[in-house]
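Residue-level listing of the chains:
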Amino acid sequence: MDATSRPLRVPPEMGIYAEKHELFQLLQNMLEGLLIHKPDEPIQYMISHLKQDNDHVPRICILGPPASGKTTIATWLCKQLNIPRITQETLLEETLELTKEVKAFQERGQKIPNALWANLIQERLSNVDCIKQGWILEGFPENRDQAWMLQSAGITPRHVVVLYAPDTVLIERNLGKRIDPPTKEVYHTTFDWPSDPLVQQRLVEAEGISEQETAKHLLEYHRNFPRVFQIYQQISKSINADQPCADVFSQALTYVQTWCRSAAPFTPRILFCGPPGSGKSLQAALIAQKYSIVNICCGQLLKEAVADKTKLGELIKPYFDSGWPVPDNIVLKLLADRLNRLDCMTDGWVLHGFPKDLDQAEQMERAGIIPNRIFFLNLPSESVMERLAQRMIDPVTGERYHAMYKPAPLPDVQARLKQNPKDTEENIRICLETYYRHAGDLEEFYEDAFYINADQDPYVVFEYIESCIVKPLPPKS
C-alpha cells in the first residue's frame, strides 16, 4: 500500500476538545450574527458576542391557528423555562418607544404594518431579560414578510412549535373561550374552567370568537402560514393540538429542550452496551444507516483483520484458532487504528462488542476513544434465552430462522436447520453471567449513559435512542 492509498488518520483529541467546549456551535452562532448584522467591525462584533454569553438561551416561536392552544402552551413553557412570553397583548402593555405608534394604528382601525411589528419586537427582545433568559414569541410571525423582517433584524428562533387541528374543532373550541379581565388569563367552558367561584363570576366572552369571525381568521391563517413554514421548516415541529393540553405541552417541551443539529461539524461517537441478544447489532445498523456513520462491531473487526492477513491479523489468528480470547492490548490497538481513520473522525461511529469490563473501558479512555453517547440496552434473562436459544440457520441457503418469531416456511427446510453451538442454553447462561459480573462497574464508569428497555419493538427502541442522540447531554452540576 503506497502513501496515497493509506487511510488518513487525525488526532482524536482535536474533535474531543472542540465538542467539549462547543466550539463548532459557537462559531456557527457568531457566523450567523455576522451575516445578519454585517457589522463594520467584525472583530469587535465577535468580542461583544462572546461577552453576552447567551448562545444557549431559548429562542422559541409558538405558531398555530386561532384556538389551537398557543397561549396555554406558551404560558406553560414560560413557567417551566423561566423566560419572557412576548405576544401582541404584552407588547402593547410595554412602555416601549414604538408602543404608542402601534396603538395609534389600532385606534384608527388600521392594520398595523409588518415593519412596525418587527421593529417593536426587536425593541422588546433587546431588553436585558430577553438577552439573558431567552424568549417565546407567541403568534409571531404572522406572515412571510414579518418572518423576513424579523430575520433581517437578527431575530432567529431556534425552535418553532406549530400547533394544528381540524377547523371544525378549532371553531367549536373558540366558542367556549373566556377571559378574566383583571389577570388576562384565558379559560374555557369545557377544557379549562376555573375552580375559584369568584373567577368564574367575572369571566367574560372573548372578542372575535363567533363562528363567522373564527372562520375568517382561520382563512387568513391558512393563506399565510405555508409561506412562513417554508422559512422555518428546518427548525419546526408540528404537534396535533386536538389532544389533552398536558400531552401537547409534553411534546412541545421535549422538542424545545433538544438542540437542533446544525450545519456545524458534529461527530456522533456512540457506544452500545448490553447482554447478548439485547439488539445491539440491530440498533447499531439502524443508527449507522440513519446518520451515515461508521458501524464498528469489535468481533467483526477482529475477523476482518485475520481475513485480510494484516500484521495485527497475524497476531490475532492463533487466538482464533485456539478459541482463546484476544488480549486487550491487541484489540485496543486494532480498534484505535480503525476509529482514528478519517471516515470515523469526520462522519462519526457507533461501536458495540467492546468494552466488556471496567479495565477495557479505562484503556479505551486512555487511548482517547471517548464516546459521547452511551446506551445500555436492558433485557431480562428469560427474554435473552427466548431470543437466542431458538435461533437456527439453514446451512443450504444461509437464511436465519427463529422458532417463535420467524419459523421455517416448509417442513424440509425445518428438518435441515442447524443451531450455532454458541446458542445453546448452557453457553447463553455463561455469557449472561459474564456480562452481569461486569455490568455494574461499566454503568458506574459511564455515569452519563442512557438506559433503555430493550424488551419491546426494536423500532420503538430505535426512536428512543434517536431522541437521546439529538438532544444535548445534561450539564454537570
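Residues numbered from 1 in each chain as written. Predicted model: local features only at pLDDT ≥ 70, side-chain atom pairs only at ≥ 80, totals over all residues. Heavy atoms only, no water.

By the naming in an unreviewed UniProt entry, the protein goes by Alpha-fetoprotein and is assigned to Platysternon megacephalum.

### Concerning the overall build of the protein
Broken down by element type, the protein carries 23 helices and 15 strands. Counting only residues that meet the buried cut, the protein has 42% of its 477 residues in that class. Within the protein, counting contacts between residues at least 6 apart in sequence, those at least 24 apart form 70% of the total. A total accessible area of about 27,100 Å² is found for the protein, and carbon and sulfur atoms account for 54% of it. (Helix = DSSP H or I, 4+ residues; strand = E, 2+ residues; numbered from the N terminus. Buried < 20%, exposed > 50% of the residue type's maximum accessible area, 1.4 Å probe, protein only. Contact = heavy atoms within 4.5 Å. Areas by Shrake-Rupley, 256 points an atom, 1.4 Å probe, with all protein chains shown as cover.)

### Details of the packing of helix α9 (residues 144-152) against helix α12 (residues 211-232)
Contact pair α9 / α12: the axes reach a minimum separation of 8 Å and the direction vectors enclose 30°. Here α9 lies roughly parallel to α12, going by the angle between them. Of α12, the residues touching α9 (which contributes R144, A147, W148 and Q151) are R227, V228, I231 and Y232. In terms of residue class, the contact of α9 with α12 is made up of 5 nonpolar, 1 polar and 2 charged. (Axes fitted to C-alpha atoms, helices over the stretch in contact; angles between N-to-C directions. Parallel < 35°, antiparallel > 145°, perpendicular 65-115°, else oblique. Nonpolar A, V, L, I, M, F, W, Y, C, P; charged D, E, K, R; others polar.)

### What about the sheet that holds strand β4 (residues 159-164)?
Strands sit in the order β2-β3-β1-β4-β8 across an open sheet of 5 strands; the sheet is parallel. Both outer strands of the open sheet, β2 (85-86) and β8 (236-240), are each paired with one neighbouring strand and no more. As judged from the 2 bridges shared by β2 and strand β3 (residues 135-138), these two strands associate in the parallel manner. Among the inter-strand pairings, I86 is bridged to a residue of β3, identified as L137. (Pairing = 2+ DSSP bridges.)

### Thoughts on the side chain of Q363
With respect to the helices and strands, the residue Q363 is situated in helix α19 (residues 358-366). At 2.9 Å, the side chain of Q363 and the side chain of D359 are in polar contact. (Polar contact = N/O pair within 3.5 Å; in protein donor to acceptor, adjacent residues only side chain to side chain.)

### Looking at the pattern of salt bridges
For the coordinates displayed, the defined rule picks out 12 salt bridges. Ionic pairing is found between R341 and D337, a salt bridge with its closest N-O pair at 3.4 Å. One salt bridge connects E399 with K406, and the closest N-O pair in it is separated by 2.6 Å. The class for E399 is partly exposed, based on a relative accessible area of 34%. A network of salt bridges, in which partner residues are shared, links E94, R124 and D129. (Salt bridge = Lys/Arg side-chain N within 4 Å of Asp/Glu carboxyl O.)

### What to know about unusual backbone geometry
The amide bond that connects F140 to the next residue, P141, takes the cis arrangement and shows omega of -5°. If you trace the backbone, P141 turns up in the loop between β3 and α9. Of note, the amide linkage connecting F354 to P355 takes the cis form, showing an omega dihedral of 5°. Note on placement: P355 falls in the loop between β11 (349-352) and α19. One non-glycine residue, N82, lies in positive phi territory at about 60°. Looking at the element boundaries, N82 is found in the loop between α4 (70-81) and β2.

### Quick word on the state of the cysteines
Think of a disulfide as a covalent bridge from one cysteine sulfur atom to another cysteine sulfur atom. Applying the stated criterion across every chain, the model contains 0 disulfides. The thiol of C297 is not disulfide-bonded; the next cysteine sulfur, from C298, is found 7.2 Å away. On the basis of relative accessible area, C297 is assigned to the partly exposed category, the value being 28%. You can call C298 buried: its relative accessible area is 5%. (Disulfide = S-S within 2.5 Å.)

### With respect to the packing of helix α15 (residues 298-307) against helix α16 (residues 311-322)
In the contact formed by α15 and α16, the axes pass within 8 Å of each other and the chain directions differ by 110°. Taken together, the axes of α15 and α16 are roughly perpendicular relative to one another. Handedness of the crossing formed by α15 with α16: left-handed. Contacts from L302, K303, A305 and V306 of α15 reach α16 at G313, I316, K317 and F320. Looking at side-chain class alone, the contact of α15 with α16 contains 5 nonpolar, 1 polar and 2 charged residues. (Left-handed = near helix turned anticlockwise from the far one by under 90°.)

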